[in-house]
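Chain residues, written in single-letter form:
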Amino acid sequence: MRRREFLCSIAAALSLQPAAAIAQSFAKRPLVAVLLGSSAITASRIVSGFLEGMRELGYVDGHNIEITYRYADGDETRMPEILHDVIQLKPDVIVTPSNSAAITAKTATATVPIVCAALLDPVGFGLIAGYDRPGGNVTGILYTSSLGIIFKWLDVALEMVPGATRLGLLVNAIDATSEWFTRFLKTAAASMPVRFVPAQVRLRDDLEAAFQALKREDVQVLVVFPNALFFTEHRRIVDLAVSARLPTLYDRDYVEAGGLMSYGIDLRENLRRAATYVDKILKGASAGDLSVEFPTKPELVINMKTAKALGLTVPRALLARADEVIE
């Protein structure tokens, strides 16, 4: 009996060893926290870019890395609270496609590396000290490499609607980046006979009233600034613009949801490239030593079905320059 008990105890110990090894392996997995100002549903396409980039580098969520997601569902005022909870998890890296979220994250921690996939004037907003050597704990990829993309918004909008003189701006009043976009768009139009009509939104419930105001002002073409609230509500915004028969320039995801046109980067691709920063940081690099990169080439996307629904004839020259045409 003693020999049998001894053998049983050995067998029991051996049976527990794999579980212990697994637990130890789990504890050693790096933790990456992905912060999104939008909702899980609306962010699914761009998040898939980050996961693709991580897989290309050999990382599989739940196998050799842990990825946790936090969503503000369009209300970035929740981000400080979300970040407080995330910091308690002691992540190895924080990743976000939002410049506003990156600003909040930097306020919350000076030690956890932060990779932002859409940096906007990062020196001006105090996120980095310089592009080659960011310093501190923030790095990433720019939303735009120059103000040219903002000037191009104006060119594309006015080319789609020749002779337009009243340009609407859908603005998130509590997002500092909206003020930044407005300032430089007005600079681009300084020598043009264009009057800007801003419609400010603070909550999702303000959207209908904003479009009614734009319609009362006889706005001829609209620019929707990129931010988490609008991205979360992008299908609703597209529907409101079409119902108001208002030609509108957005980010790419809006056009895939039925919006008229977009000019800019593909945020999904920027997030895919953000994975290379995470890889380097997990291998020991300091975020402050990793140079900020330029975004991919801006793309012009036009939805012809929506153009027809709005009664627009897309100029041939504009159509010829389109990188993608959705029929």
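Just so you know, these numbers come straight off a predicted model, no measurement behind them.

Rules used throughout
Residues numbered from 1 in each chain as written. Predicted model: local features only at pLDDT ≥ 70, side-chain atom pairs only at ≥ 80, totals over all residues. Heavy atoms only, no water. Pairing = 2+ DSSP bridges. Helix = DSSP H or I, 4+ residues; strand = E, 2+ residues; numbered from the N terminus. Axes fitted to C-alpha atoms, helices over the stretch in contact; angles between N-to-C directions. Core = buried A, V, L, I, M, F, W, Y, C linked by side-chain atoms within 4.5 Å. Buried < 20%, exposed > 50% of the residue type's maximum accessible area, 1.4 Å probe, protein only. Contact = heavy atoms within 4.5 Å. Right-handed = clockwise from strand over helix to strand, strands pointing away.

K.L.:
Give a detailed account of the sheet that holds strand 2 (residues 66-71), specifying residues and quantitative values.
P.N.:
If you trace the five strands from one edge of the open sheet to the other, you get 2-1-3-4-5, paired in parallel fashion. Since the sheet does not close on itself, it has two edges, and those belong to strand 2 and strand 5 (138-142), each with one partner. Neighbouring strand axes in the sheet, compared pairwise and without regard to direction, differ in orientation by 20° on average. Here three bridges tie strand 3 (residues 93-96) to strand 4 (residues 114-119), and the two strands are oriented parallel to one another.

K.L.:
So what's going on with the nonpolar core? Which residues, and what values?
P.N.:
If you look at the biggest cluster of nonpolar residues, it comprises 45 residues, and the most contacted ones within it are Phe-50, Val-95, Leu-170, Phe-211, Phe-230 and Ile-237. In this view, Val-95 contacts Val-32, Ala-33, Val-34, Leu-35, Phe-50, Val-115, Leu-271 and Val-278; residues no more than four positions away in its chain are not counted. Listed in part, the 40 residues of the second largest apolar core include Ile-150, Ala-188, Ala-189 and Phe-225.

K.L.:
Describe in detail the environment of Val-255, supporting the description with residues and values.
P.N.:
Mapped onto the elements of the fold, Val-255 is located in helix 10 (residues 252-256). Classification of Val-255 by relative accessible area gives buried; the value is 0%. Along the sequence, Val-255 and Phe-50 sit 205 residues apart, while their C-alpha atoms lie 21 Å from each other. Filtering out sequence-adjacent residues up to four positions away, Val-255 remains in contact with Leu-260, Met-261, Ser-262, Val-301, Ile-302, Asn-303 and Ile-326.

K.L.:
Outline unusual backbone geometry, supporting the account with residue identities and numerical values.
P.N.:
Phi at Asp-73 is positive, roughly 55°, even though this residue is not glycine. Within the secondary structure, Asp-73 sits in the loop between strand 2 and helix 3 (79-88). With a phi close to 55°, Lys-90 is a non-glycine residue in the positive phi region. Within the secondary structure, Lys-90 is located in the loop between helix 3 and strand 3.

K.L.:
Residue-level account of the pairing of strand 4, with values.
P.N.:
With six of six residues buried, strand 4 lies mostly within the body of the structure. Read as a crossover between parallel neighbours, the route from strand 3 over helix 4 (residues 99-108) to strand 4 is right-handed. Bridge analysis of strand 4 against strand 5 gives four bridges, and the strand direction is parallel. Bridging across to strand 5, Cys-116 finds its partner in Gly-140.

Limitation: the analysis is restricted to geometry and does not speak to function.
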